Number of protein chains: 2
Amino acid sequence: MEKEITIYDIAKRLKLSPATVSRALNDHPAINSDTKTLITAMARQMGYRTNTFASNLRRQRTNTIGVIVPRLNSNFMSTVLAGMEKVANEASYNLIISQSLESVKKEIANAKTMFNSRVDGLLVSVAYDTDKIDHFEAFIKKGIPLLFFDRVIEHKQCTSIVIDNVKAGYDAVTHLIEQGCRRIMHVTGNLKRNVYADRLAGYQQALRQHGLPYDESLVMVTDLSQEAGTEAARRIQNMPERPDGVFVTNDFCAVCCLITLKKLGFSVPDDIAVVGFNDDPVSQVVEPDLTTIHYPGAKMGEVAAQSLINHLNGLLDIQTTNKIILHSELVVRHSSLKSSSY
Amino acid sequence: MEKEITIYDIAKRLKLSPATVSRALNDHPAINSDTKTLITAMARQMGYRTNTFASNLRRQRTNTIGVIVPRLNSNFMSTVLAGMEKVANEASYNLIISQSLESVKKEIANAKTMFNSRVDGLLVSVAYDTDKIDHFEAFIKKGIPLLFFDRVIEHKQCTSIVIDNVKAGYDAVTHLIEQGCRRIMHVTGNLKRNVYADRLAGYQQALRQHGLPYDESLVMVTDLSQEAGTEAARRIQNMPERPDGVFVTNDFCAVCCLITLKKLGFSVPDDIAVVGFNDDPVSQVVEPDLTTIHYPGAKMGEVAAQSLINHLNGLLDIQTTNKIILHSELVVRHSSLKSSSY
DNA sequence: TTGTAAGCGTTATCAA
DNA sequence: TTGATAACGCTTACAA
């Protein structure tokens, strides 16, 4: 455990002032390039490493971005995080990641920790049942940029990064209708969340536009777990008037639903067509493979991180950008192709 | 953007010294409990938040744990990370996560960043082709605890957290043999990595013990991607003497192999039995569902984080613990049950 | 182009 | 039980 080298040590060794050393190490313009070379070389030689805390303390900045997500361990979220990490890393920002485990209470605690950690900015996808955002007010008040992604909450001071969930829902359901479905079930999540509310709106819009009635009893609000998929299939079996198509807003849930339907003797897609959401790898593995909405997770992570970093570097004012919408699209596979030769 | 409250502000307001305030806020034993109550209340009232940087600078400690993983976006890894985050959060440690994207070069860069961020400890699962660990020497020299998990590198100063991969491989292959397989193929990853080398050893051990020959041409080293699974299936089809069982050390790769085999006209498990590794949710979705080794990912994350934190808190000396082995077990499903009525 | 010196907000040591 | 004071290592007016 050797002693830590500081800019004072380097300064003394080179008979320069600590200030000069600091400037050289930070690429300050007003410094002689020979001096700079000299200092850099000596720093390396002495095994100097910058003390981020001293620097942060002095500059009142942390080069750290906080991320709060419902869960780390879903394919979608880990893809988003991978995208964020990539961008942040390249811009030499650190990522502090925490999960709310879908609980507002834990989300509040996480927000507090992030606040105390003095993150330069915060990227959030809210928990299942968050409805107030008082716990983020502290950030807003202090001018710490706050950016929501995927599961967003509209706020005039915050930017949201989303896909067009209404359109995605519309596309999915329109596709089912075009395949001949006339009675389409919709399995979704908590309608408090923009993502689910919007997809439902898209579902309704597609029905309306094609002259089909909206039947509330066909909308099933669940936690979108695997069990929910199984449960949905069972419920379908017990319905007096069975649907001929189902749009599930999560691939894993959809896949479980599909499998259970098959076990119960349904033929997919002929008896009932299934469409999922996210384009999780699992959708390509099930038989028949699952039609779904491709969700650009990595891209969303990259855009979120980049926007925040640009804002922090003064390259873009995020307060003026209210919403960024990414492109998503329907991926047609065999679970919905009624006249398929699969 | 109001002014940040410091312990000086609180001290002034209560006509106490900053030292007393600091002590009260940190639950120092030698402080009057009335004073403590008073200070705590005032801190809350004034909206005080501790300045971690000043504290870190002074205490030479960061309460931050660094994590370097090959990829964030695999089911296995995100489960591990979720476990780590849970434990770290409860112990009020922050997690800085970065991914090497399977490249040694990036891993080296990540290590450097972590070093400069002065993490209190480091949790690492190495990249595909890392063979030296010079880039971690700096940590070891400085006495910063370094803990490897899953893909580990043996080092006398570092603890490893693993499952018994030899046994897992042995169990998988023994199961195949017991199901009547006599010619078993093995699809695995870079044998530099303990996980794959050990599983191969287990494979060989099982063969030997059951009097079956070891045929090197049946071992296929791949990157365990989905494409590798497909490729393996094709290769099987083209073999003059086809295997009747295959053990793939990754579920997603196994699933792709299985699906392709079916497409090529093989019956699974009757023509060829398939066993995977990890117990990824996808293994329950494929038909027939996949026999696999259950890997305790969340547990591994928790144990890794907890061990490190205990060490940091002086509750346990990690240097003396060389290896922690977690329990894993075979999960038999239908992809390997030759006489199944599935 | 370089140097001086004053903090940033804590905590640890020593003294009271 | 509390207080005074000196660091921790860096950055940045301001001065030279």
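Residues numbered from 1 in each chain as written. Chains lettered and ligands numbered in written order. Predicted model: local features only at pLDDT ≥ 70, side-chain atom pairs only at ≥ 80, totals over all residues. Heavy atoms only, no water.

**Topic: the overall build of chain A**
Heads up, the rule is: Only DSSP runs of H or I covering at least 4 residues are called helices, and only runs of E covering at least 2 are called strands; the numbering of each starts at the N terminus. C-alpha atoms define the radius of gyration, and 2.2 Å times the number of residues to the power 0.38 defines the globule rule. Per-residue accessibility, obtained with a 1.4 Å probe over protein chains only, is compared with the maximum for each type, and a residue is labelled buried under 20%, exposed over 50%, and partly exposed between these values. We call two residues in contact whenever any of their non-hydrogen atoms come within 4.5 Å of each other. Surface accessibility in these figures is a Shrake-Rupley result with a 1.4 Å probe; residues are shielded only by whichever protein chains are displayed. The positive count covers Lys and Arg only, the negative count covers Asp and Glu only, and His and the chain ends enter neither. One atom stands in for each charge, and that atom is NZ of Lys, CZ of Arg, CG of Asp or CD of Glu.
Looking only at helices and strands, chain A has 12 helices and 12 strands in total. The C-alpha radius of gyration of chain A comes to 26 Å, more than 25% above the 20 Å expected for a compact globule of 342 residues. Principal-axis analysis of the C-alpha atoms places the extent of chain A at approximately 90 × 40 × 35 Å. Every one of the 342 residues in chain A was classed for burial, and the buried ones make up 56%. Of the contacts formed within chain A by residues at least 6 apart in sequence, a portion of 73% connects residues at least 24 apart. Here chain A has roughly 14,600 Å² of accessible surface; of this, 50% comes from carbon and sulfur atoms. Across chain A, the centroid of the 38 positively charged side chains sits 10 Å from that of the 37 negatively charged ones.

**Quick look at the protein's contact with DNA strand D**
Here is the rule: Any residue with at least one heavy atom within 4 Å of a molecule or strand is counted as near it. N or O atoms closer than or at 3.5 Å make up a polar contact, with two conditions inside protein: a donor-capable atom paired with an acceptor-capable one, and, for residues adjacent in sequence, both atoms drawn from side chains.
Every one of the 26 residues lining DNA strand D counts as a neighbour, but Ser-22, Tyr-48 and Arg-58 of chain A together with Thr-20 and Arg-23 of chain B are closest to it. When atoms of DNA strand D within 4 Å of the protein are split into backbone and base, the sugar-phosphate part holds 62%. The separation between a phosphate oxygen of DNA strand D and a polar side-chain atom of Tyr-48 of chain A is 2.5 Å. Between DNA strand D and Thr-35 of chain B, the relevant distance is 2.9 Å, taken from a phosphate oxygen to a side-chain nitrogen or oxygen of the residue.

**So, the pattern of salt bridges**
Put simply, the rule reads: Put simply, a salt bridge is a Lys or Arg side-chain nitrogen that is within 4 Å of an Asp or Glu carboxyl oxygen.
Following the criterion strictly, the structure yields 25 salt bridges over all chains and no others. When the shortest N-O distance is used, the salt bridge between Lys-142 of chain B and Glu-4 of chain A registers 3.9 Å. Of this pair, Lys-142 of chain B sits in helix α7 (residues 134–142) while Glu-4 of chain A sits in the segment before α1 (7–14), placing the two residues on different chains. What emerges from the salt-bridge pattern is a single network uniting Glu-4 and Arg-49 of chain A together with Arg-118 and Lys-142 of chain B.

**Focus on the UniProt feature "domain: HTH lacI-type" (unreviewed entry) in chain A**
Where we set the bar: UniProt positions are given in the numbering used here, feature names are shortened, and annotations may be inferred rather than shown by experiment.
The sites that carry the UniProt feature "domain: HTH lacI-type" (unreviewed entry) are, in the present numbering, residues 5–59 of chain A. This span, residues 5–59 of chain A, is 69% helix and 0% strand, and a straight line between its end C-alpha atoms measures 20 Å.

**Looking at the protein's contact with DNA strand C**
Definition in use: Residue classes follow a fixed rule: Ala, Val, Leu, Ile, Met, Phe, Trp, Tyr, Cys and Pro count as nonpolar, while Asp, Glu, Lys and Arg count as charged, and any other residue, Gly among them, counts as polar.
The environment of DNA strand C is made up of 28 residues, and the closest members are Thr-20 of chain A together with Tyr-8, Ser-22, Tyr-48 and Arg-58 of chain B. Here a base nitrogen of DNA strand C and a side-chain polar atom of Arg-23 of chain A are 2.6 Å apart. Contact distances for DNA strand C include 2.3 Å between a base oxygen and a side-chain N or O atom of Arg-58 of chain B. Elements with a minimum of two residues in the surface near DNA strand C: α2 (18–25) and α4 (52–59) of chain A together with α1 (7–14), α2 (18–25) and α4 (52–59) of chain B. Among the elements that line the surface near DNA strand C, the one with the most residues is α4 of chain B, at 4 residues. Of the residues belonging to the surface near DNA strand C, the class tally is 10 nonpolar, 11 polar and 7 charged.

**Digging into the nonpolar core**
Selection criterion: Here, nonpolar core refers to any group of buried Ala, Val, Leu, Ile, Met, Phe, Trp, Tyr and Cys residues whose side-chain atoms link them within 4.5 Å.
With 160 residues, the main nonpolar core has Met-84 of chain A together with Met-84 of chain B as its most contacted residues. Among residues more than four places away in sequence, those in contact with Met-84 of chain A are Val-67, Leu-95, Leu-123, Phe-149, Gly-301, Glu-302, Ala-304 and Ala-305 of chain A.

**So, the relation of the copies chain B and chain A**
Put simply, the rule reads: Copies overlap after least-squares fitting; the atoms used are the C-alpha atoms of residues with pLDDT of at least 70 in both.
With an axial shift of 0.0 Å and an RMSD of 0.1 Å, the rotation relating chain B to chain A amounts to 180°. Here the two chains are linked by the operation of a two-fold rotation axis. A shared interface surface links the copies, since 100% of the contact residues of chain B are contact residues in chain A too.

**Observations regarding the sheet that holds strand β9 (residues 273–275) of chain A**
All names here are of chain A. Under the convention used in this document: Two strands make a pair as long as DSSP finds a minimum of two bridges between them. For helices, the fitted line uses only the C-alpha atoms of the stretch in contact; every axis is such a line through C-alpha atoms, and the angle between N-to-C directions lies from 0 to 180 degrees.
Spatial ordering of the open sheet is given by β7-β6-β8-β9, a layout of 4 strands whose pairing is parallel. The open sheet is flanked by β7 (219–221) and β9, the only strands paired with a single partner. Going from strand to strand, the sheet's axes swing by 15° on average, the running direction of each strand aside. Those strands touched by helix α8 (residues 165–178) are β6 (184–188), β8 (245–248) and β9, and its axis lies near 165° from that of β8. Contacts from helix α9 (residues 194–209) reach β6, β7 and β8 within the one sheet, and its direction differs from that of β6 by about 175°.

**Quick notes on the packing of helix α10 (residues 226–237) of chain B against helix α11 (residues 251–263) of chain B**
All names here are of chain B. Put simply, the test is: Every angle not falling under 35 degrees, over 145, or within 65 to 115 is termed oblique; those three ranges are roughly parallel, roughly antiparallel and roughly perpendicular. By the definition used in this description, the sense in which the near helix is turned from the far one sets the handedness, with an anticlockwise turn below a right angle giving left-handed and a clockwise turn giving right-handed.
Taken N-terminus to C-terminus, the directions of α10 and α11 make an angle of 40°; their axes are 7 Å apart at the nearest point. Relative to α11, α10 is oriented oblique. Handedness of the α10/α11 crossing: right-handed. Residues Gln-226, Ala-228, Gly-229, Thr-230, Ala-232, Ala-233 and Ile-236 of α10 touch α11, and the partners they reach there are Phe-252, Cys-253, Cys-256, Cys-257, Thr-260 and Leu-261. In the contact of α10 with α11, the residues fall into 9 nonpolar, 4 polar and no charged.

**Some details on the state of the cysteines**
Residues and elements named next belong to chain B. Going by this rule: Any cysteine sulfur atom paired with another within 2.5 Å is treated as part of a disulfide.
Taken as a whole, this structure holds 0 disulfides over all chains when the rule is applied. Note on Cys-253: no disulfide assigned, nearest cysteine sulfur contributed by Cys-257 at a separation of 6.8 Å. Cys-253 sits in the buried class, given a relative accessible area of 0%.

**Focus: the pairing of β8 of chain A**
All names here are of chain A. What counts here: By definition, the crossover connecting two strands over a helix is right-handed if that path, from the first strand to the second, turns clockwise as seen with the strands pointing away from the viewer.
The alternating pattern of β8 places Gly-245 and Phe-247 and Val-246 and Val-248 on opposite faces, both of which are buried. The sheet contact formed by β6 and β8 spans 4 bridges and is parallel. Looking at the pairing, Val-187 lines up with Val-248 of β8. Two elements, β8 and β9, share 3 bridges in a ladder whose sense is parallel. Paired with Phe-247 across the two strands is Val-275, which belongs to β9. Viewed along the sheet, the connection from β8 through helix α11 (residues 251–263) into β9 turns out right-handed.

**What about the pairing of strand β4 (residues 146–149) of chain B?**
Residue and element names in this part refer to chain B. In β4, alternate side chains face the same way, and those of Leu-146 and Phe-148 on one face and Leu-147 and Phe-149 on the other are all buried. Of the strand pairs in this sheet, strand β3 (residues 121–124) and β4 are connected by 3 bridges, and their pairing is parallel. Bridge pairing in β4 places Leu-123 opposite Leu-147. Chirality of the crossover, the property in question, places the unit of β3, α7 and β4 among those that are right-handed. Across 3 bridges, the pairing between β4 and strand β5 (residues 159–163) is parallel. Counted as the bridge partner of Leu-147 is Thr-159 from β5.

**A few points about the domain arrangement of chain A**
Residue and element names in this part refer to chain A. What counts, and what does not: Each domain's extent was defined by an automatic or database domain assignment. Two parts placed together each lose some accessible area; with a 1.4 Å probe, that loss summed over both constitutes the buried area.
Per the domain assignment, the segments making up chain A are domain 1 (7–50), domain 2 (63–162 + 297–326) and domain 3 (165–295 + 330–336). Taking the mean C-alpha position of each, domain 2 and domain 3 sit 29 Å from one another. Each partner contributes residues to the interface: domain 2 has 15 residues there, and domain 3 has 14 residues. When the two sides are added together, the surface that domain 2 and domain 3 hide from each other amounts to roughly 1,100 Å², 45% of it contributed by carbon and sulfur. Summed over the three residues of domain 2 that lose the most area to domain 3, namely Asn-75, Tyr-128 and Arg-151, the buried surface amounts to 46% of that side. Across the domain 2-domain 3 interface, the total number found is 1 salt bridge. The partner of Asp-131 in a salt bridge is Lys-192, and the shortest N-O contact between them spans 3.1 Å. Counting across the interface, domain 2 meets domain 3 through 11 residue pairs in polar contact (both at pLDDT 80 or more). Broken down by secondary-structure element, the contributors of at least two residues to the side of domain 2 that touches domain 3 are α5 (75–90) and α12 (297–312). Split into classes, the residues belonging to the side of domain 2 that touches domain 3 amount to 8 nonpolar, 3 polar and 4 charged.

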